[in-house]
Amino acid sequence: SAFVWVGTLGMRTLAEFAAMTDRYVAAHTDALQARLLPIALDVLRRHREAGDRVIVATGAPTELARAILAFVAHEDLPVIGTVLGPKYGAIGAVRHCHYRMKMRMLADAGYGLSAPFRQGLS
């Protein structure tokens, strides 16, 4: 989240951040596609083919994760990511999707969790 904040100094709105994300993805499409992990994408594909419910929960900003998933035709996957907002003259994490907060954010978004996960949230 510190990297996002530093990279957005002077930005005041999430619209500015979204535009910057779009420019970044457009300028780095080839590099981003090359870095996508083939093993992870294969596992993702197998789960979807098996009919499993797949939800992406990431510490990255939701907008960036959605843009990267679009490269591999998984635009329809639900994505829970770090929530951003104006913060101290830049854009920063308002709710960081990390560790226990990741599970809390999944639950808050309405995705049912098994008992062991629910216990970890209390």
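Thresholds applied
Residues numbered from 1 in each chain as written. Predicted model: local features only at pLDDT ≥ 70, side-chain atom pairs only at ≥ 80, totals over all residues. Heavy atoms only, no water. Salt bridge = Lys/Arg side-chain N within 4 Å of Asp/Glu carboxyl O. Helix = DSSP H or I, 4+ residues; strand = E, 2+ residues; numbered from the N terminus. Buried < 20%, exposed > 50% of the residue type's maximum accessible area, 1.4 Å probe, protein only. Axes fitted to C-alpha atoms, helices over the stretch in contact; angles between N-to-C directions. Parallel < 35°, antiparallel > 145°, perpendicular 65-115°, else oblique. Left-handed = near helix turned anticlockwise from the far one by under 90°. Contact = heavy atoms within 4.5 Å. Nonpolar A, V, L, I, M, F, W, Y, C, P; charged D, E, K, R; others polar. Arc of directions from axis to C-beta. Core = buried A, V, L, I, M, F, W, Y, C linked by side-chain atoms within 4.5 Å. Polar contact = N/O pair within 3.5 Å; in protein donor to acceptor, adjacent residues only side chain to side chain.

Participant: What should I look at first to understand the pattern of salt bridges in this one?
Facilitator: When charged atoms on two side chains of opposite charge get close, those side chains can pair. In this structure the tally under the stated criterion is five salt bridges. Its salt-bridge partner being Arg 45, residue Glu 49 comes within 2.9 Å of it at the nearest N-O pair. Here Arg 45 and Glu 49 lie together in helix H4 (residues 38-49), a separation of four residues that amounts to about one turn. For the salt bridge of Arg 95 with Asp 108, the shortest nitrogen-to-oxygen distance reads 2.6 Å. With Arg 95 in strand E3 (residues 90-95) and Asp 108 in helix H6 (residues 100-108), this pair connects stretches of sequence that are 13 residues apart. Classification of Arg 95 as partly exposed rests on a relative accessible area of 27%.

Participant: Mind showing me how you'd approach the packing of helix H2 (residues 14-27) against helix H5 (residues 62-69) here?
Facilitator: Angle between the axes and distance between the axes: these two values describe a pair of packed helices. Where H2 meets H5, the closest approach of the two axes is 10 Å, and the angle between their N-to-C directions is 30°. One element, H2, and the other, H5, form an angle in the roughly parallel class. In the crossing of H2 with H5, the sense of the turn from one axis to the other is right-handed. Listed contacts from H5 to Phe 17, Thr 21 and Val 25 of H2 are Glu 63, Leu 64 and Ala 67. The residue inventory of the contact of H2 with H5, partitioned by class, reads four nonpolar, one polar and one charged.

Participant: Sorry, what's going on with H6 here?
Facilitator: For an α-helix, the turn length of 3.6 residues means that residues three or four places apart are oriented alike. What H6 keeps buried is the set Met 103, Met 105 and Leu 106. Buried positions in H6, seen along its axis, are confined to an arc of 160° and lie on one side of it. Phi for Gly 110, located one or two positions after H6, is positive at around 95°.

Participant: Quick question: what am I supposed to make of the nonpolar core here?
Facilitator: Nonpolar side chains in soluble globular proteins generally cluster together in the buried interior. The biggest cluster of nonpolar side chains holds six residues, and these are Leu 44, Val 54, Ala 65, Leu 69, Leu 77 and Val 79. Look past the residues within four positions of Val 79 in its chain and what remains in contact with it is Val 56, Thr 58, Thr 62, Ala 65, Arg 66 and Leu 69. The next biggest cluster of nonpolar side chains, apart from the first, holds five residues, and it includes Ile 80, Met 103, Met 105 and Leu 106.

Participant: What exactly am I supposed to notice about the side chain of Thr 82 here?
Facilitator: You can see Thr 82 is positioned in strand E2 (residues 79-87). When its relative accessible area of 4% is taken as the criterion, Thr 82 is described as buried. Only 2.5 Å separates the side chain of Thr 82 from the backbone oxygen of Gly 59, close enough to count as a polar contact.

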